[in-house]
Amino acid sequence: MTPRRGPVAVVTVTLAIIALCAAAGLAQAPSGNKKIEAAVTDPQAAIKAAAAAFKQAKPIPNFTPPKTAWGDPNISGTYLVATYTPLQRPERLKDKAFFTEDEAVAELARVIGQDAEVDPRNVHYDWKEYGMDGWQSPIRPSLRTALIVDPPNGRIPPLTPEAQKRRADRAAAARLRAPEVSVRTLASTYTRCITGNAAGSPLVRGGNPDPVNTTGSEAGVTAEIEIMQSPGYASIITQSGSDVRIVPLDGRPLPPANVRAWLGISRGHWEGSTLVVETANFNDKTPATNFQGSTENLKMTERFTLVNATTIKYEYTVEDPKTWTRPWSAEAFIPKIPPGLFEFACHESNYGVFNVVRGAQTREKELIDKGLPIGAAGGGGGAQ
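Residues numbered from 1 in each chain as written. Predicted model: local features only at pLDDT ≥ 70, side-chain atom pairs only at ≥ 80, totals over all residues. Heavy atoms only, no water.

Now for the packing of aromatic side chains. Given two aromatic rings, their pairing is described by the distance between the two centres and the angle made by the two planes. This model, assessed by the stated rule, comprises five aromatic pairs. An angle of 45° between the planes, with centres 5.7 Å apart, marks the rings of Y314 and Y316 as tilted. What makes Y314 buried here is its relative accessible area of 0%. Ring centres 5.5 Å apart and planes at 90° place the aromatic pair W324 and W328 in the edge-to-face group. Here the aromatic cluster, defined as three or more aromatic residues joined through ring pairs, consists of F291, F304, Y314, Y316, W324 and W328. (Phe/Tyr/Trp six-rings, centres within 6.5 Å; stacked < 30°, edge-to-face > 60°. Buried < 20%, exposed > 50% of the residue type's maximum accessible area, 1.4 Å probe, protein only.)

Bringing the confidence of the model for the chain into the picture now. On average, the chain scores 79 in pLDDT, and the residues at 70 or more come to 75%. In the model, residues 1-32 has pLDDT below 50 throughout and makes 138 contacts with residues more than four positions away in sequence or in other chains. Across residues 376-384, where pLDDT falls below 50, the model places 41 contacts with residues more than four positions away in sequence or in other chains. (pLDDT = per-residue confidence, 0-100. Contact = heavy atoms within 4.5 Å.)

The next subject is helix α2 (residues 43-56). For α2, with 14 residues, the first-to-last C-alpha span of 20 Å sits near the 20 Å given by 1.5 Å per residue. Taken residue by residue, α2 has A45, A46, I47, A50, A51 and F54 as its buried positions. The elements touched by buried residues of α2 are α1 (38-41) and α3 (101-115). At the N-terminal boundary of α2, the capping side chain belongs to D42, with an oxygen 3.1 Å from the backbone nitrogen of Q44. (Helix = DSSP H or I, 4+ residues; strand = E, 2+ residues; numbered from the N terminus. Expected span 1.5 Å × (residues − 1). Polar contact = N/O pair within 3.5 Å; in protein donor to acceptor, adjacent residues only side chain to side chain.)

Okay, structure coming up:
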């Protein structure tokens, strides 16, 4: 993965994905006497920097992006997709869809305060040591109280009866499993180094921590994408995992339904200055399900619109009649960051994974003995 999260990067070290966040990568050492900026080491400085960037980089109405040499809108670049905005609107906010600017900054400060602290009693990895916590990036506040914009209540629609049974069956199977034999910490394609953190899901999935269970994905350490354009194609590279979606723009149809992929298969087209990418043909292989526990019938439509020189408005709609009673949509603004994606390292040299798995097994057994739910772990790959 790339550490180029904040205005500078910190120390050089290869990390292995482990435990509950299950991610890894390289960070780059500052050379010479280059000063490490306070926003990378001080949460309060990070909050001030985020608030300033938020106020300076507002969308420009009817912004016209530059053109590529072949005439397409040029949206190429490296972008940060980390967010602390929850996927679903927390119950405590009820019908409040938007914050004021001051409220948005205060909310960011609240969640950064939580993220910057680590409870040593939990199985964890202290990412801030390497400058890779979400707040150590050019992350921004959001006026939205949740990523979901449709339904208007900011919540995921109800599950279908089939999806409820599927989820209950998975939970029951997890409780019957002997922790000594298999552990949920390695329950997804992400933790098993098959795919990266996106794992066939939208690029922005919702931020934690939050006192309300938003079933999202943490602001996290694997949160950069690169968009590359060439005549007739757009490519989206995500870290971690070095996953690549190559998106033809020439109108070709999807392959037959029996041709499926971990990331789905994408086709794209331009609607004015907006790149529209439709992805289907997902698979439903173990050890992970698709986004939010959906099936191979998932269809995802993404829209990428440059709204100023340094910001993309990213929108997505997901639908799966075997999982949700209706389609639902979300949106986020993702900022451009300095270029350079570093190769993601998975379990290479991960000598700590043995102790992490043993610790997670012990914790699972404690919960089972107390009759408590095991909960989700493994991240990214959609484990539910």
